[in-house]
Amino acid sequence: MSAEAKADSSSRRLPAGETTIADRREGQASEIRFTLESGDTHELEADHAKVLYLVSKYARCALTADQSESWIRQIPLMVLIYEGIVEGALDFDYAPGSRLISAQGKSMRMWINISQEGKACVDDLREWKLINGLKLSTEDFQPVTAFQVSAKGLKLLKKLPREWKSDVNAFLYPGHAKRPSRKHLIQVSFEGVRCTRTSLACALVAGC
């Protein structure tokens, strides 16, 4: 399924009789606890945890001097969050929004589906030091932000219930969720008229 740059004019609503993953798994764990830098205990809800896990598949900090770090830019991350929403893995709303898309040394303004709740989720994770942010510039000097899971976030990921990871794997590894492999991980690319996610192209993912 492609994440079309020219989006529908209204937020998606589930048809009658359709259920979300959250509906089907009612009664399972809904949050996990972690400690803020202040020492206070905070509850990480399922959607926040799933977005953290999503980011970890593309961007992680280096834990040792021998490891390489990776980053994912904001627009590809928003496209992936949109994919999670339409596949029922994330319980966020979305709506069309105008954004600058940079590719092949040029930037253009396009309409893409953006989740403000998803963006707020990423901001929360950054505020809680579970993901790191990095300010970058495109080839034509447009400011962009990239993200990676922090060391604290990687540690917290070990506590995630298996079903939450399975929800995310189901749309990140289409057809291969039970045995996920890096070569099957969907990526985001820009084709000039739309943003798409494929298992081969990665033009808008930092480091590609």
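Given the structure is predicted, the values throughout are model-derived calculations rather than measurements.

(A) Representation of the confidence of the model for the protein chain in the model. Confidence in the prediction of the protein chain, expressed as mean pLDDT, is 79, and 76% of residues score 70 or more. This model gives residues 1–19 a pLDDT under 50, and the stretch forms 39 contacts once residues within four places in sequence are excluded. For residues 198–208, every residue scores under 50 in pLDDT, and the model assigns this stretch 31 contacts once sequence neighbours within four places are set aside.

(B) Broad picture of the nonpolar core. Within the largest apolar cluster, 52 residues are counted, with the highest numbers of intra-cluster contacts made by Leu44, Val51, Leu54, Leu77, Ile81, Leu125 and Leu172. Sorting elements by how many residues they give to this core places helix α3 (residues 74–86) first, with 9 residues. Excluding anything up to four places from it in sequence, Leu54 contacts Leu77, Leu80, Ile81, Val168, Phe171 and Leu172.

(C) Fine view of the packing of helix α2 (residues 46–56) against helix α6 (residues 162–172). The interhelical angle for the contact between α2 and α6, taken along N-to-C directions, is 50°, at an axis separation of 9 Å. By the criterion of interaxial angle, the relationship of α2 to α6 is oblique. Relative to α6, the crossing made by α2 is right-handed. Here Ala46, Ala49, Lys50, Tyr53 and Leu54 of α2 come into contact with α6, specifically with Trp164, Lys165, Asp167, Val168, Asn169, Phe171 and Leu172. Counted by class, the contact of α2 with α6 contains 8 nonpolar, 1 polar and 3 charged residues.

(D) Looking closely at the pairing of strand β1 (residues 31–35). Burial along β1 is one-sided: Ile32 and Phe34 are buried, and none of Glu31, Arg33 and Thr35, which face the opposite way, are. Sheet analysis places β1 next to strand β2 (residues 41–45), joined by 5 bridges and oriented antiparallel. Looking across to β2, one finds that Thr35 is bridged to Thr41. Hairpin connection, β1 to β2: the antiparallel pair is bridged by 5 residues, and Gly39 has positive phi, about 100°.

(E) Fine view of the packing of α3 against helix α4 (residues 116–127). It is at 10 Å that the axes of α3 and α4 come closest, and there the two elements cross at 120°. By the angle class used here, α3 and α4 are oblique. Both α3 and α4 take part in a crossing whose hand is right-handed. Contacts from Gln74, Leu77, Met78 and Ile81 in α3 reach Gly118, Lys119 and Val122 in α4. By residue class, the composition of the contact of α3 with α4 is 4 nonpolar, 2 polar and 1 charged.

(F) Spotlight on the packing of aromatic side chains. In the structure shown here, the tally under the stated rule is 2 aromatic pairs. Between Phe34 and Trp128, the ring centres sit 5.8 Å apart and the planes meet at 55°, which makes this aromatic pair tilted. One end of the pair, Phe34, is in strand β1; the other, Trp128, is in the loop between α4 and β6 (131–137), and 94 residues separate them in sequence. Accessibility classification places Phe34 together with Trp128 in one group, the buried group.

(G) How the structure looks around the environment of Lys158. Summarising the element assignment, Lys158 is placed in the loop between α5 (151–157) and α6. Spatially, the C-alpha atoms of Lys158 and Tyr53 are 10.0 Å apart, while their sequence positions differ by 105 residues.

(H) Representation of the sheet that holds strand β3 (residues 72–73) in the model. If you walk across this open sheet you meet the 3 strands as β3-β7-β6, and the pairing is antiparallel. Looking at strand neighbours, the two that pair on one side only are β3 and β6, the edges of this open sheet. Relative to strand β7 (residues 143–149), β3 runs antiparallel, the two being bridged by 2 bridges. The residue bridging Arg73 from the neighbouring strand is Ala146, located in β7. Sheet strands in contact with α2 are β3, β6 and β7, and its direction is about 100° off that of β7.

Scoring rules and cut-offs
Residues numbered from 1 in each chain as written. Predicted model: local features only at pLDDT ≥ 70, side-chain atom pairs only at ≥ 80, totals over all residues. Heavy atoms only, no water. pLDDT = per-residue confidence, 0-100. Contact = heavy atoms within 4.5 Å. Core = buried A, V, L, I, M, F, W, Y, C linked by side-chain atoms within 4.5 Å. Buried < 20%, exposed > 50% of the residue type's maximum accessible area, 1.4 Å probe, protein only. Helix = DSSP H or I, 4+ residues; strand = E, 2+ residues; numbered from the N terminus. Axes fitted to C-alpha atoms, helices over the stretch in contact; angles between N-to-C directions. Parallel < 35°, antiparallel > 145°, perpendicular 65-115°, else oblique. Left-handed = near helix turned anticlockwise from the far one by under 90°. Nonpolar A, V, L, I, M, F, W, Y, C, P; charged D, E, K, R; others polar. Pairing = 2+ DSSP bridges. Phe/Tyr/Trp six-rings, centres within 6.5 Å; stacked < 30°, edge-to-face > 60°.

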